[in-house]
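So you can see what is in the structure, the chains are spelled out below.
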Protein chains: 2
Amino acid sequence: MIKYQTTTYPNWNFVEFELDANIEPADLKTIELPDIKKFYNKGVIISGRGPIWLYGVLIHHFHPTRFVATFEPRLNAGVVIETHSADFQVGDLINL
Amino acid sequence: MIKYQTTTYPNWNFVEFELDANIEPADLKTIELPDIKKFYNKGVIISGRGPIWLYGVLIHHFHPTRFVATFEPRLNAGVVIETHSADFQVGDLINL
């Protein structure tokens with residue numbers, strides 16, 4: 001259903017998801033999510049083609065990390081949307 | 001920049017945002033967000049045309065409510081993405 005590829009940078013993990021079929025809301029009940037324990041010590045940038053509600057689940061899942069950003073292809077950058085770190089503020093761009 | 005229209009139902013608020021101009025990530029630093037105190041006692045369904053990172057900020061903002069859903073126009077329904085309520089589970093559809 002969903003695969004994740006994580007690329008690790010000094011201050012964040014870039015997590016790209018890929019769907020191998022159409023996803024429906026009910027799939028959220030059984031979807032595999034990355035092991036959050038591996039992500040606590042850095043921020044996360046989420047990337048991938050999928051519906052907003054899938055992003056919503058992933059954003060909530062990664063909430064305990066240092067910050068959460070979503071990848072904006074138009075800017076080739078992550079956009080910080082929530083943060084527990086003084087070094088990254090909401091609205092900051094993380095250029096990739 | 002952004003306007004919100006809230007429609008109240010017995011168990012949730014339907015919050016529709018409308019952008020009057022292109023929004024850029026830096027706008028997230030100053031964007032007006034709905035007064036969360038008015039939303040604690042129900043769930044929230046977020047609707048509107050905007051980038052994923054704007055949804056991300058709104059999803060995070062509404063995190064303290066009973067549940068958060070995003071509106072899926074294709075299904076004319078909200079999709080629950082996070083919940084503090086035993087009555088609403090992730091992946092549930094809320095038909096509108």
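Just so you know, these numbers come straight off a predicted model, no measurement behind them.

Caption draft 1: Local environment of the overall build of chain A. Check the secondary structure of chain A and you find one helix and six strands. From first element to last, N terminus to C terminus, chain A shows the α and β order β-β-β-α-β-β-β. The C-alpha radius of gyration of chain A comes to 13 Å, within 12% of the 12 Å expected for a compact globule of 96 residues. The principal-axis extents of the C-alpha atoms in chain A amount to approximately 35 × 30 × 20 Å. For chain A, the proportion of contacts with a sequence separation of at least 24, taken over those separated by at least 6, is 49%. For chain A, the exposed surface amounts to about 4,900 Å²; the carbon and sulfur share of it is 48%. Averaging the positions of the 8 positive and the 11 negative side-chain charges in chain A gives two centres separated by 4 Å.

Caption draft 2: Highlighting the interface of chain A and chain B. The interface of chain A with chain B comprises 28 residues on the first partner and 28 residues on the second. Roughly 2,100 Å² of surface becomes buried between chain A and chain B when both sides are summed, with 66% attributable to carbon and sulfur atoms. Of all residues in chain A, the largest losses of buried area upon contact with chain B belong to I52(A), W53(A) and H60(A), amounting jointly to 25% of the total for that side. Linking chain A with chain B are four salt bridges.

Caption draft 3: Region of the structure containing the nonpolar core. Membership of the largest hydrophobic core comes to 40 residues, with the highest contact counts inside it found for I46(A), L54(A), F62(A), I46(B), L54(B) and F62(B). Every element with two or more residues in this core is listed here: β2 (12–19), β3 (43–47), α1 (52–61) and β5 (77–83) of chain A together with β2 (12–19), β3 (43–47), α1 (52–61) and β5 (77–83) of chain B. Residue contacts for I46(A): discarding those within four places in its chain leaves V15(A), F17(A), Y55(A), L58(A), I59(A), F62(A), V68(A), A69(A), T70(A) and F71(A).

Caption draft 4: The arrangement of the sheet that holds strand β4 (residues 67–72) of chain A in detail. Residues and elements named next belong to chain A. Strand order across the open sheet formed by six strands is β1-β2-β3-β4-β5-β6, with mixed pairing between neighbours. The open sheet has two free edges, formed respectively by β1 (2–8) and β6 (93–95), since each of these has just one partner strand. On average, each strand axis in the sheet is inclined to that of its neighbour by 30 degrees, with strand direction left out of account. Pairing between β4 and β5: six bridges, direction antiparallel. Bridge assignment links A69 to a residue of β5, and that residue is V80.

Caption draft 5: Just the sheet that holds strand β4 (residues 67–72) of chain B, in detail. Residues and elements named next belong to chain B. Here six strands make up an open sheet; going across it, the order is β1-β2-β3-β4-β5-β6 and the pairing mixed. The sheet is open, and its two borders are formed by β1 (2–8) and β6 (93–95), each paired with just one other strand. For this sheet the average axis-to-axis angle between neighbouring strands, irrespective of direction, equals 30 degrees. When β5 meets β6, the two strands line up antiparallel, connected through three bridges.

Caption draft 6: Broad picture of the packing of aromatic side chains. Residue and element names in this part refer to chain A. Counted under the stated rule, the structure contains twelve aromatic pairs over all chains. Aromatic pair W12 and F88: ring centres 6.3 Å apart, planes at 90 degrees, arrangement edge-to-face. Separated by 76 residues along the polypeptide, W12 in strand β2 and F88 in the loop between β5 and β6 bring together distant segments of the chain. For the pair W12 and F88, one class covers both residues: buried.

Caption draft 7: Structural context of α1(A). Extensive coverage of α1(A) is indicated by the burial of eight of its ten residues. Listed as buried for α1(A) are W53(A), L54(A), Y55(A), G56(A), V57(A), L58(A), I59(A) and H61(A).

What counts, and where the lines are drawn
Residues numbered from 1 in each chain as written. Chains lettered and ligands numbered in written order. Predicted model: local features only at pLDDT ≥ 70, side-chain atom pairs only at ≥ 80, totals over all residues. Heavy atoms only, no water. Helix = DSSP H or I, 4+ residues; strand = E, 2+ residues; numbered from the N terminus. Rg over C-alpha atoms; globule rule 2.2 N^0.38 Å. Contact = heavy atoms within 4.5 Å. Areas by Shrake-Rupley, 256 points an atom, 1.4 Å probe, with all protein chains shown as cover. Lys, Arg positive; Asp, Glu negative; His and termini not counted. Charge placed at Lys NZ, Arg CZ, Asp CG, Glu CD. Buried area = accessible area lost by both parts, 1.4 Å probe. Salt bridge = Lys/Arg side-chain N within 4 Å of Asp/Glu carboxyl O. Core = buried A, V, L, I, M, F, W, Y, C linked by side-chain atoms within 4.5 Å. Buried < 20%, exposed > 50% of the residue type's maximum accessible area, 1.4 Å probe, protein only. Pairing = 2+ DSSP bridges. Axes fitted to C-alpha atoms, helices over the stretch in contact; angles between N-to-C directions. Phe/Tyr/Trp six-rings, centres within 6.5 Å; stacked < 30°, edge-to-face > 60°.

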